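Coordinates in review
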Amino acid sequence: MAGGVQRRKSPSSPSSPSPLWGTLHALWQDKHLVLFKTEYTLLVVSVLWLLEIGINVWVIQKVAYTEIDWKAYMDEVEGVINGTYDYTQLKGDTGPLVYPAGFVYIFTAIYYITSHGVNIRLGQYIFAVFYLVTLLMVFRIYYRTKKVPPYVFFFMCCASYRIHSIFVLRLFNDPVAMMLLFAAVNLFMDGYWTLGCGIYSLAVSVKMNVLLFAPGLLFLLLSEFGLIRTIPKLSLCAVIQLLLGLPFLLENPIGYISRAFDLGRQFMFKWTVNWRFLPEWLFLDRYFHLLLLSAHLLTLLLFALCRWKRPKENILEILKEPRKRKVPAQKNTVDQIVLVLFTSNFIGMCFSRSLHYQFYVWYFHTLPYLLWSGGVKKLAHLLRVLILGLIELSWNTYPSTIGSSAALHVCHLIILLCLWLALPLPSAPAETQGDAPVKDKQQ
């Protein structure tokens, strides 16, 4: 027309690409960086998680199940079902029941679901679900922190034979405890401290190893809330333990506490992964155990005083309410929460009296975070992956050897030194200048 009215371009015109097309184009342009840039963490872990579904099905169908503790677990809960509440009378093929009451309730449910423990294949698929749920929560931690390059997640899931074996071929209770622990960590990251403490206590009720996170959790609670407001959260943890253990406490309180929370239990030298290079008499020596405990407590104290607390802050200040502190209170960042908890657990692993093969799951999913949190800038990607590989090899060497145990300790020492040399993480800025108390999100 003479007026020359210009037609508006259609939104679907090729000259104005859709947001999805733009995203795909950018992804293709950066394809060589997808495995290295943390902004692609969500994409990579989503693909790996879907792959893990197939891997777990393949492992269950193609790799032979190994009987170690499953029958013993079923015998122990069957004793409770039959009316025995005296912990000293509960035992299975491999010995007495040595786990807290939460273990009994969870595995009683599994006992009924698997037709009194007979349908082991169904039990394997239940543990495959536990594995996938655990991975979801672990991946969420790494997605929130964006500290570890995405290619590392392949080594953290698909490439670990030992972890798949612990979950779906041997059906240990350790994965159940760690699944609950990672759920608690996610709640702490989101600010749900009370609910997180409740889930944390449930994890402890499945297996006592979760107590290795307790020093770090106590530090975070005091840092966030001060002593007075921390006490109710600690009380909640204690009440949950009391309620879960009540039927057994009423029957034989000393028997329940001494069996379920036996801190002095002696481990067998033939199963140790970390102390094979010692003579057996030294491995069993109580003075050696006291030395390890002292080193454990001293290292925790040093990290709390020099690495976890904020610079220029007196350690005793965290006992006060945040609004009454000399240094203005600042919220812990997600990175600080995760680093303190994972470091607390790792220190416990370094000085453990013995590590058995299923204990690998206690810290396996935390190792990449710890390695990429270290303060040694020259620790290249390849060296970090090599350390992960050596640790995996040490845990896959059966029976353990002098070399595998020594290699494990060397790797632990390198990680611990890197964590010590790391600069303190910056805190989140205070929300207001009005000294408003830190809030625990209500559910």
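Just so it is clear, the model here is predicted, and its values are computed rather than measured.

Conventions used here
Residues numbered from 1 in each chain as written. Predicted model: local features only at pLDDT ≥ 70, side-chain atom pairs only at ≥ 80, totals over all residues. Heavy atoms only, no water. Disulfide = S-S within 2.5 Å. Buried < 20%, exposed > 50% of the residue type's maximum accessible area, 1.4 Å probe, protein only. Core = buried A, V, L, I, M, F, W, Y, C linked by side-chain atoms within 4.5 Å. Contact = heavy atoms within 4.5 Å. 1 Å grid on protein atoms, 1.4 Å probe; cavity = no way out; pocket = protein on both sides within 12 Å on 5 of 7 lines; lining within 4 Å. Points joined across faces, edges and corners; volume = space filled by probe spheres on them. Nonpolar A, V, L, I, M, F, W, Y, C, P; charged D, E, K, R; others polar. Salt bridge = Lys/Arg side-chain N within 4 Å of Asp/Glu carboxyl O. Helix = DSSP H or I, 4+ residues; strand = E, 2+ residues; numbered from the N terminus. Axes fitted to C-alpha atoms, helices over the stretch in contact; angles between N-to-C directions. Parallel < 35°, antiparallel > 145°, perpendicular 65-115°, else oblique. Left-handed = near helix turned anticlockwise from the far one by under 90°. Phe/Tyr/Trp six-rings, centres within 6.5 Å; stacked < 30°, edge-to-face > 60°. Lys NZ or Arg CZ within 6 Å of the ring centre and 35° of its normal. Arc of directions from axis to C-beta. Polar contact = N/O pair within 3.5 Å; in protein donor to acceptor, adjacent residues only side chain to side chain.

**Focus: the state of the cysteines**
- Tallied over the full model, the rule gives zero disulfides.
- Cysteine C237 remains unbridged, with the sulfur of C197 as its closest cysteine sulfur at 4.6 Å.
- Note on C237: relative accessible area 13%, which makes it buried.

**Examining the nonpolar core**
- Counting residues in each nonpolar core, the largest one holds 134 residues, and the members touching the most others are I391 and W395.
- Not counting chain neighbours up to four residues away, the residues in contact with I391 comprise Y360, Y363, L367, L408, C411 and I415.

**Brief notes about empty space enclosed by the protein**
- Enumeration according to the criterion identifies one cavity of 30 Å³ or more in this entry.
- Roughly 50 Å³ of volume is contained in the largest cavity.
- For the lining of the largest cavity, the residue count by class is three nonpolar, four polar and three charged.

**What to know about the pattern of salt bridges**
- The tally for this structure, following the rule as stated, stands at nine salt bridges.
- Across the pair D75 and K71 runs a salt bridge, and its minimum N-O distance is 3.5 Å. Separated by four residues within a single helix, D75 and K71 lie in helix 3 (residues 70–81), roughly one turn from each other.
- In this structure, D190 engages R144 in a salt bridge whose closest nitrogen and oxygen atoms are separated by 2.7 Å. With a gap of 46 residues between them, D190 in the loop between helix 8 (174–189) and helix 9 (193–206) and R144 in helix 5 (residues 120–145) connect regions that are remote in the sequence.

**A word on the environment of D69**
- Positionally, D69 belongs in the loop between helix 2 (41–62) and helix 3.
- Taking C-alpha positions, D69 is 9.8 Å from G95, a pair spaced 26 residues apart along the chain.

**Regarding the packing of helix 13 (residues 286–308) against helix 14 (residues 334–350)**
- It is at 9 Å that the axes of helix 13 and helix 14 come closest, and there the two elements cross at 155°. Here helix 13 lies roughly antiparallel to helix 14, going by the angle between them. Considering only the axes of helix 13 and helix 14, their crossing is right-handed. Each of H296, T299, L300, F303 and W308 in helix 13 lies in contact with helix 14, whose residues at this interface are V340, T343, S344, I347 and G348.
- Taken together, the residues that form the contact of helix 13 with helix 14 break down as five nonpolar, five polar and no charged.

**Examining the packing of helix 13 against helix 17 (residues 402–421)**
- Viewed as axis vectors pointing N to C, helix 13 and helix 17 meet at an angle of 25°, and their least axial separation amounts to 11 Å. As the angle between them shows, helix 13 and helix 17 are arranged roughly parallel. Residues T299, L302, F303, C306 and R307 of helix 13 form the contact with helix 17, whose participating residues are L416, L419 and W420.
- Residues of the contact of helix 13 with helix 17, tallied by class, amount to six nonpolar, one polar and one charged.

**Overview of the packing of aromatic side chains**
- Tallied over the entire structure, the rule returns 39 aromatic pairs.
- Between F303 and W420, the ring centres sit 5.3 Å apart and the planes meet at 75°, which makes this aromatic pair edge-to-face. Highlighted residues: F303 in helix 13 and W420 in helix 17, separated in sequence by 117 residues.
- Exposure remark for F303: the relative accessible area of 4% places this residue in the buried category.
- We classify W420 as partly exposed; its relative accessible area is 27%.
- Ring pairing ties together the aromatic residues Y73, Y99, F103, F107, F127 and F130, which thus form one cluster.
- Against the face of F225 rests K233, its NZ or CZ located 4.3 Å from the ring centre.

**Looking at helix 11 (residues 253–260)**
- When helix 11 is considered as a whole, its buried residues turn out to be G255, Y256 and A260. The buried residues of helix 11 occupy an angular sector of 100° when the element is viewed end-on, so they sit on one face.

**With respect to the side chain of S344**
- On the secondary structure map, S344 appears in helix 14.
- The buried category is assigned to S344, whose relative accessible area is 0%.
- Looking at S344, its side chain comes within polar contact range of the main-chain nitrogen of G216, at 3.1 Å.
- Those residues in contact with S344 that sit more than four places away from it in its chain are L212, F213, A214, P215, G216, L300 and W308.

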